[in-house]
Amino acid sequence: MNIQETEHGIRFEVRVLPRASKNEVIGEVEGAVKIKLTAAPLEGEANQALISFLAKISGVARKNVTIIKGETSRHKLVEITGIDKTEFLKRTGLPG
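The rules we used
Residues numbered from 1 in each chain as written. Predicted model: local features only at pLDDT ≥ 70, side-chain atom pairs only at ≥ 80, totals over all residues. Heavy atoms only, no water. Core = buried A, V, L, I, M, F, W, Y, C linked by side-chain atoms within 4.5 Å. Buried < 20%, exposed > 50% of the residue type's maximum accessible area, 1.4 Å probe, protein only. Helix = DSSP H or I, 4+ residues; strand = E, 2+ residues; numbered from the N terminus. Contact = heavy atoms within 4.5 Å. Pairing = 2+ DSSP bridges. Salt bridge = Lys/Arg side-chain N within 4 Å of Asp/Glu carboxyl O.

Asks: Please provide a residue-by-residue account of the nonpolar core, values included.
Replies: Membership of the largest hydrophobic core comes to 25 residues, with the highest contact counts inside it found for F12, L50, I80 and F88. For this core, the secondary-structure elements that each account for two or more residues are β2 (9-17), β4 (32-36), α1 (45-58), β5 (65-69), β6 (75-81) and α2 (85-92). The element best represented in this core is α1, accounting for six residues. When neighbours within four sequence positions are excluded, L50 is seen to be in contact with V14, V16, I35, L37, I67, K76 and V78.

Asks: Requested: an account of the pairing of β6, with residues and values cited.
Replies: Where β2 and β6 come together, seven bridges link them in antiparallel fashion. Note that in β6 the partner of F12 across the bridge is V78. Here β5 folds back onto β6 in antiparallel fashion, the turn holding five residues, of which G70 has a positive phi close to 95°.

Asks: Which residues make up the pattern of salt bridges, and what are the values?
Replies: Counted under the stated rule, the structure contains two salt bridges. The salt bridge partner of R11 is E79, with a shortest N-O separation of 2.9 Å. Within this pair, whereas R11 is found in strand β2, its partner E79 is found in strand β6, the two being separated by 68 residues in sequence. Close ionic contact of E87 with R91 constitutes a salt bridge, the shortest N to O distance being 2.9 Å. Here the residue E87 and the residue R91 both occupy positions in helix α2, the gap between them amounting to four residues, near one helical turn. Given the relative accessible area of 41%, R91 is considered partly exposed.

So, in structure tokens, the structure goes:
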């Protein structure tokens, strides 16, 4: 999994699978975190669901989660401020 530490937090790629039965991290694909979301990819609903889900599992405020690139794609680049890579992996249970 390719999680880069930045000056204020972490940055990593996400592969989103919308319209799933529940919100969950299902693993890694080509270095990206693969996440299922219940929201549909209409009018930014999946993006907002992704932000909320990542904030919840990482224990940070929604304002600390930003989609840097890929707002209209299933492949996204996400930044989370206020957390480091070690703490993120610990809170989410993802492999390092």
